[in-house]
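Next come the chains, spelled out residue by residue.
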Amino acid sequence: MTRVGVVTFPGSLDDGDARRAVRLAGAEPVRLWHGDHDLQGVDAVVLPGGFSYGDYLRCGAIAARSPLMTEVVAAAEQGTPVLGICNGFQMLTEAHLLPGGLVRNDHGAFVCRDQRLRVEQTGTAWTNAFETGEEIVIPLKNGEGGYVADAETLARLEGEGRVVFRYLEVDPNGSANHIAGIANERGNVVGLMPHPEHAVEAGFGPDTPAAMRSGIDGLRVFRSALEALLAA
Amino acid sequence: MPVIVVEVMPKAELLDPQGKAVAGALNRLGRSAYSGVRVGKRFELHVDGEVTDALLAEAREIAETLLANLVIEDVVSVHELRDAEALA
């Protein structure tokens, strides 16, 4: 069975939900500890949401320099699928696995909502189970989710098709080009601010026209990694 | 004990919602002389021995790789704490 590691940092909040999403997607979740130097041979890694190290210094900054991140960066460079959700996305930028950075929301407030997104790029390890241009709804909750990068980096991301998810209807945090998620050049590392792991089981996801809380659009993010590993 | 001060500011071209909120408060308090506020960070690195040029250079390297994220922030100053500052 495919084994997907979920790293727990001091202050992680959504590591349990991420492990549940991995299980519902059909893989075996493996608990990884930030202070170890051991990935336990997992096939893919998820950096979960939360407020690692109290977001002291900057969001994700101290977590990005924790012991296990040495192994995560090395694995990512070898092509291992790595997904960073929210605080995990912030860690990926702080670890320089993804370009740009995330700053305080332009309106200054924390925002929590079911967010409509467009899947712009399905050629990544975490989006191959979607249709290009497909619209999905998954929860979003952050105070510092504004994506910023210099003009050259933005042009490169757009030109190379590395904008993976884009906000629709509302840009909840003032992100450049309404960017919600991006990938590295190889497409094995993806970071996004919204939370796919909160939309994986009917009864516990966002509302849909069909029924309350029935949204499970996030599940295919995790299924995609399984597909990518089988294809590799 | 000697101290090295590192000052970090959000990049000028980025919106600083924190500064904007403070500017709004000043305006409401009738302090009208200020057209804007930006909020940054100051780090004080306490040093056991003497502050040498080599140590200042190391502090600058730490500032640029850990204390600040140069994608979103600038290191505006790395200097040894002056006596006047210490007394203030």
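Above this note sits the structure.
Residues numbered from 1 in each chain as written. Chains lettered and ligands numbered in written order. Predicted model: local features only at pLDDT ≥ 70, side-chain atom pairs only at ≥ 80, totals over all residues. Heavy atoms only, no water.

Asker: Tell me what's going on with a nonpolar patch on the surface, and back it up with residues and numbers.
Answerer: Taken together, the side chains of Leu-13, Phe-51 and Phe-110 of chain A define a hydrophobic patch exposed on the protein surface, amounting to about 320 Å² of accessible area. The residue Phe-51 of chain A is located in the loop between strand E3 (44–47) and helix H2 (67–77) in this model. (Patch = residues over 30% accessible without salt bridge, like charges linked within 9 Å, V, L, I, M, F, W, Y side chains within 5 Å. Areas by Shrake-Rupley, 256 points an atom, 1.4 Å probe, with all protein chains shown as cover. Salt bridge = Lys/Arg side-chain N within 4 Å of Asp/Glu carboxyl O. Helix = DSSP H or I, 4+ residues; strand = E, 2+ residues; numbered from the N terminus.)

Asker: Account for the nonpolar core, naming residues and giving values.
Answerer: Grouped together as the largest cluster of nonpolar side chains are 69 residues, with contacts concentrated most on Val-46, Leu-83, Trp-126, Tyr-147, Phe-165 and Phe-222 of chain A. Looking at this core element by element, the count peaks at 6 residues for helix H5 (residues 219–231) of chain A. Residues Val-47, Ala-59, Leu-67 and Val-78 of chain B belong to the second largest nonpolar core, which totals 12 residues. (Core = buried A, V, L, I, M, F, W, Y, C linked by side-chain atoms within 4.5 Å. Buried < 20%, exposed > 50% of the residue type's maximum accessible area, 1.4 Å probe, protein only.)

Asker: Before we move on, can you summarise the pairing of strand E2 (residues 28–33) of chain A with the specific residues and values?
Answerer: By the bridge criterion, 6 bridges tie strand E1 (residues 3–8) of chain A to E2 of chain A in an arrangement that is parallel. Note on E2 of chain A: the bridge partner recorded for Val-6 of chain A is Arg-31 of chain A. (Pairing = 2+ DSSP bridges.)

Asker: Describe the interface of chain B and chain A, listing the residues and the values that go with them.
Answerer: If you look at the interface, chain B gives 15 residues, while chain A gives 13 residues. Taking both partners together, chain B and chain A bury about 1,100 Å²; carbon and sulfur atoms supply 63% of that area. Put simply, chain B and chain A have 1 salt bridge between them. A salt bridge links Glu-73 of chain B to Arg-58 of chain A, with the nearest nitrogen and oxygen atoms 3.6 Å apart. Our count for the contact surface shared by chain B and chain A stands at 5 residue pairs in polar contact (both at pLDDT 80 or more). Per-class residue counts for the side of chain B that touches chain A are 9 nonpolar, 3 polar and 3 charged. (Contact = heavy atoms within 4.5 Å. Buried area = accessible area lost by both parts, 1.4 Å probe. Polar contact = N/O pair within 3.5 Å; in protein donor to acceptor, adjacent residues only side chain to side chain. Nonpolar A, V, L, I, M, F, W, Y, C, P; charged D, E, K, R; others polar.)

Asker: Requested: an account of helix H1 (residues 15–25) of chain A, with residues and values cited.
Answerer: Residue and element names in this part refer to chain A. Of the positions making up H1, those classed as buried are Asp-15, Ala-18, Arg-19, Arg-20, Ala-21, Val-22 and Ala-25. Turning to H1, the residues buried within the fold contact E1, E2, E3 and H5. Once H1 finishes, Gly-26 follows within two positions and takes phi at roughly 105°, a positive value.

Asker: Before we move on, could you go through H5 of chain A and cite the residues and values that matter?
Answerer: All names here are of chain A. The end-to-end C-alpha distance of H5, which contains 13 residues, comes to 19 Å, matching closely the 18 Å that a straight helix rising 1.5 Å per residue would cover. Those residues of H5 not exposed but buried are Leu-219, Val-221, Phe-222, Ser-224, Ala-225, Leu-226 and Ala-228. Elements in contact with the buried residues of H5: H1, E3, strand E4 (82–85) and strand E9 (163–167). (Expected span 1.5 Å × (residues − 1).)

Asker: Could you give an account of the packing of H1 of chain A against H5 of chain A, naming the residues involved and the relevant values?
Answerer: All names here are of chain A. Their axes nearest at 9 Å, the elements H1 and H5 cross at an angle of 65°. In this structure, H1 meets H5 at a crossing whose hand is right-handed. On the side of H1, the interface is formed by Ala-21, Val-22, Leu-24 and Ala-25, while H5 contributes Leu-219, Phe-222, Arg-223 and Leu-226. Per-class residue counts for the contact of H1 with H5 are 7 nonpolar, no polar and 1 charged. (Axes fitted to C-alpha atoms, helices over the stretch in contact; angles between N-to-C directions. Left-handed = near helix turned anticlockwise from the far one by under 90°.)

Asker: Let's hear about the sheet that holds strand E3 (residues 73–80) of chain B: which residues, and what values?
Answerer: All names here are of chain B. With antiparallel pairing, the 3 strands of this open sheet are ordered in space as E2-E1-E3. Across the chains shown, the open sheet's two edge strands, defined by having one partner strand only, are strand E2 (41–46) and E3. Each neighbouring strand pair of the sheet contributes to a mean axis angle of 20°, computed without reference to strand direction. Relative to the sheet, helix H2 (residues 53–67) contacts strand E1 (3–10), E2 and E3, its axis offset from that of E3 by approximately 155°.

Asker: Requested: an account of the side chain of Arg-166 of chain A, with residues and values cited.
Answerer: Residue and element names in this part refer to chain A. Mapped onto the elements, Arg-166 comes out in strand E9. Within the structure, Arg-166 has its side chain in polar contact with the backbone oxygen of Asn-177 (distance 3.0 Å). Ignoring anything within four residues of it in the chain, the contact list for Arg-166 reads Arg-116, Leu-117, Arg-118, Glu-120, Glu-158, Asn-177, His-178, Ile-179 and Ala-180.

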